[in-house]
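# Architecture at a glance
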Amino acid sequence: MQPMRKLIIGANWKSNGTIQSIRSLVQTVLNPAIIDYKNTEVVIAPMYIHLPIVKDILKSDFHLGAQNCSLTGPGAYTGEVAAEHLKDLGIPWVILGHSERRHIYGESDAVIAEKVKRAGALGLKTIICVGENLDERVAGTTTEVVSRQLDAIKYSLSDWNNVVIAYEPVWAIGTGKTATPEQAQEVHGSIRLWIGSNIGRLVANSTRVIYGGSVTDENCKELLVLDDIDGFLVGGASLKPAFKTILEICDNHKPGKTFT
Ligand SMILES: O=C(CO)COP(=O)(O)O
C-alpha cells in the first residue's frame, strides 16, 4: 500500500474564550466527537494561558498547539512565551506566521523565519501560515506572495516531517468568504510544487498543506475532495458545535491521501 498523508485539522481559537466557555467546548464539542484518530490528527490551539486548563481535560487523542512563540529564548523578555516554555509544558505544536501576527503585530518574513527556526530546533511541530491579501489577489500576485513567504522559511527548517503549511488567504479569514475550490486548489498545488522544487519530491508528497479561511461544516466537504488539500485550520467555527460536525465530516470523508 502507498503511504498516505494523514488528514490534519487545526482549531485556532485565537484570543477567545473564558475558562468556563473553553471547558464547556472541550466537554460538549471536542471530547464527544466520533472520529478515528488513526486517520485524522486534530490540533487544538487555545490562548497560552488556557493551554494547561485544556490539557487537563482534553481527550488524549487530540494534540495541543500554541498560536505563537517568542522570537527569543527564555530570559528578560517581558510578556513573551518562548518555544522552550511550550516544550516544557508538553505542547507539541505551534502555529507560526498567522496573518494576524503578520498584519496586526507587524511580523516580517524574517521574524517568522527565526521563530520557525527556534521552534523547529526544539523539535516542536509547526503549522506555518502563508497567504495573500485582497490587493495581492486582485493584482494576480498570489503565487509570488506565497512563494516569497515560503522562500523566507526555506533555510529555517531542518525537519519537514514536523511541518504543516496552512494556506490562509487574508481576505477569507473571518469574512465568511471562502476561497473557491479552484482558487484553493491552484494555490495548494503551487505550494506543493514549491516544496518539490525547493526541498524535494518526497517531501512535497508527504507534507500536509491545509486550508484556512471561513471554513464551516457547510463548505469543508467541497474543499476536502481537492487533490492538494489535506485538512483545515479553522478559526470561528472551531469555537462552535459545528466543529464537531467538521471533524466528523472530514474523518468520514477521506481517511487520507495517497502519495502521487
Ligand atoms: O485564521 C483562521 C485560522 O487560523 C481562519 O479563521 P476563520 O475560520 O474565522 O476565518
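Each remark here, short or long, concerns the structure printed above.
This write-up is about the structure you can find in this document. Values in this document were obtained by computation on a predicted structure and should not be read as measured data.

## Comments concerning the side chain of H188
Mapped onto the secondary structure, H188 falls in helix α8 (residues 181–198). With relative accessibility at 0%, the residue H188 sits in the buried group. In contact with H188, not counting residues within four places along its chain, are Y167, V209, I210, Y211, D228 and I229.

## Describing α8
End to end, α8 covers 25 Å across 18 residues, agreeing with the expected 26 Å (1.5 Å per residue, within 8%). Looking at α8, one finds that the buried residues are P181, A184, V187, H188, G189, S190, I191, R192, W194 and I195. The first or second residue beyond α8 is G200, which carries a positive phi of 155°.

## Points about the state of the cysteines
Enumeration according to the criterion identifies 0 disulfides in this entry. Sulfur of C69: no disulfide; nearest cysteine sulfur belongs to C129 and is 13 Å away. Its relative accessible area of 0% is what places C69 among the buried residues.

## Focus: the nonpolar core
Ranked by internal contacts, the top residues of the largest apolar core, which has 65 residues, are I44, I191, Y211, F232 and F243. Sequence-distant contacts of I191, that is, excluding residues within four places in its chain, are made with V130, V146, L150, I165, Y167 and V209. Judged by nonpolar contacts, the second largest core, of 11 residues, contains W93, I95, I127 and C129.

## Side note on the pairing of strand β6 (residues 125–130)
Counting buried positions along β6 yields 5 of 6 residues, so the element is predominantly enclosed. Where strand β5 (residues 93–96) lies against β6, 4 bridges are found, and the strand directions are parallel. Looking across to β6, one finds that I95 is bridged to I127. Relative to strand β7 (residues 163–167), β6 runs parallel, the two being bridged by 5 bridges. For T126, the partnering residue across the bridge sits in β7 and is V163.

## Digging into the environment of D151
Locating D151 in the fold gives a position in helix α7 (residues 142–153). Relative accessible area serves as the criterion here: at 40%, D151 is assigned to the partly exposed category. The sequence separation of D151 and N198 amounts to 47 residues, and the corresponding C-alpha distance is 8.6 Å.

## What to know about the environment of R137
Relative to the elements of secondary structure, R137 occurs in helix α6 (residues 134–138). For the pair formed by R137 and Y105, sequence separation is 32 residues and the distance between their alpha carbons is 22 Å. Look past the residues within four positions of R137 in its chain and what remains in contact with it is E132, T142, Y167, W171, Q183 and V187. At a separation of 2.8 Å, a polar atom in the side chain of R137 contacts the side chain of E132.

## What about the pattern of salt bridges?
For the coordinates displayed, the defined rule picks out 13 salt bridges. For the salt bridge of R208 with E41, the shortest nitrogen-to-oxygen distance reads 2.9 Å. Of the two residues, R208 sits in strand β8 (residues 208–212) while E41 sits in strand β3 (residues 40–45), which places them 167 residues apart along the sequence. Looking at R208, the relative accessible area reads 11%, which means it is buried. The salt bridge partner of E248 is K244, with a shortest N-O separation of 3.6 Å. Placement of the pair is E248 and K244 together in helix α11 (residues 242–253), with a separation of 4 residues, close to one helical turn. A single salt-bridge network, built from bridges that share partners, covers R5, R192, D228 and D230.

## Considerations on unusual backbone geometry
You will see that K14, though not glycine, has its phi angle at about 50°, which is positive. Of note, S214 is a non-glycine position whose phi angle comes to about 55°, a positive value.

## Considering the site of the ligand
Near the ligand the following residues occur: N12, K14, H98, E168, A172, I173, G174, G213, S214, L233, G235 and G236. Take G174: an N or O atom from its main chain is 2.6 Å from an oxygen atom of the ligand. Between G236 and the ligand, the recorded distance is 2.8 Å, taken from a backbone N or O atom to an oxygen atom. For the ligand, the accessible surface in isolation is 310 Å², of which the surrounding protein chains cover 95%. Split into classes, the residues belonging to the shell around the ligand amount to 3 nonpolar, 7 polar and 2 charged.

## Things to note about the packing of helix α5 (residues 109–121) against α7
Relative orientation of the contacting elements α5 and α7 amounts to 45°, with a least axis distance of 8 Å. As the angle between them shows, α5 and α7 are arranged oblique. Where α5 crosses over α7, the handedness of that crossing is right-handed. Every residue of α7 that contacts α5 at D109, A113 and V116 is listed here: R148, Q149, A152 and I153. Among the residues forming the contact of α5 with α7, the class breakdown is 4 nonpolar, 1 polar and 2 charged.

Cut-offs used in this document
- The numbering scheme is per chain: residues are counted from 1 as the chain's sequence reads.
- Under the rules for a predicted model, residues below a pLDDT of 70 receive no local features and side-chain atom pairs below 80 are neither given nor counted, while totals for whole chains, interfaces and linings still include all residues.
- Working from all heavy atoms in the structure, the side-chain values ignore hydrogens and water.
- In this description a helix means any DSSP run of H or I spanning at least four residues, a strand means any run of E spanning at least two, and both kinds are numbered starting from the N terminus.
- Only protein chains enter the area calculation, which uses a 1.4 Å probe; residues under 20% of their type maximum are buried, those over 50% are exposed, and those in between are partly exposed.
- Residues count as neighbours in contact if any of their non-hydrogen atoms are within 4.5 Å of one another.
- Here, expected helix span is obtained from the residue count minus one, scaled by 1.5 Å.
- Any cysteine sulfur atom paired with another within 2.5 Å is treated as part of a disulfide.
- Among the buried residues, those of types Ala, Val, Leu, Ile, Met, Phe, Trp, Tyr and Cys that are joined through side-chain atoms within 4.5 Å form a nonpolar core.
- Being paired, for any two strands, means DSSP has found at least two bridges between them.
- In protein, a polar contact means a hydrogen-donor-capable atom and an acceptor-capable atom, both N or O and within 3.5 Å, with residues adjacent in sequence counting only if both atoms are side-chain atoms; elsewhere, any N or O pair within 3.5 Å suffices.
- Within this document, salt bridges are pairs made up of a side-chain nitrogen of Lys or Arg and a carboxyl oxygen of Asp or Glu, the two lying within 4 Å of each other.
- Any residue with a non-hydrogen atom lying within 4 Å of a molecule or strand is treated as near it.
- Values of accessible area rely on a 1.4 Å probe in the Shrake-Rupley scheme; residue burial ignores everything except the protein chains shown.
- Under this grouping Gly is polar, as are all residues other than the nonpolar Ala, Val, Leu, Ile, Met, Phe, Trp, Tyr, Cys and Pro and the charged Asp, Glu, Lys and Arg.
- Interaxial angle, 0 to 180 degrees, is taken between N-to-C directions of lines fitted to C-alpha atoms, where a helix line uses only the stretch in contact.
- Our angle categories are set so that under 35 degrees counts as roughly parallel, over 145 as roughly antiparallel, 65 to 115 as roughly perpendicular, and the remainder as oblique.
- It is the rotation of the near helix from the far one that decides the hand of a crossing: anticlockwise by less than a right angle makes it left-handed, clockwise makes it right-handed.

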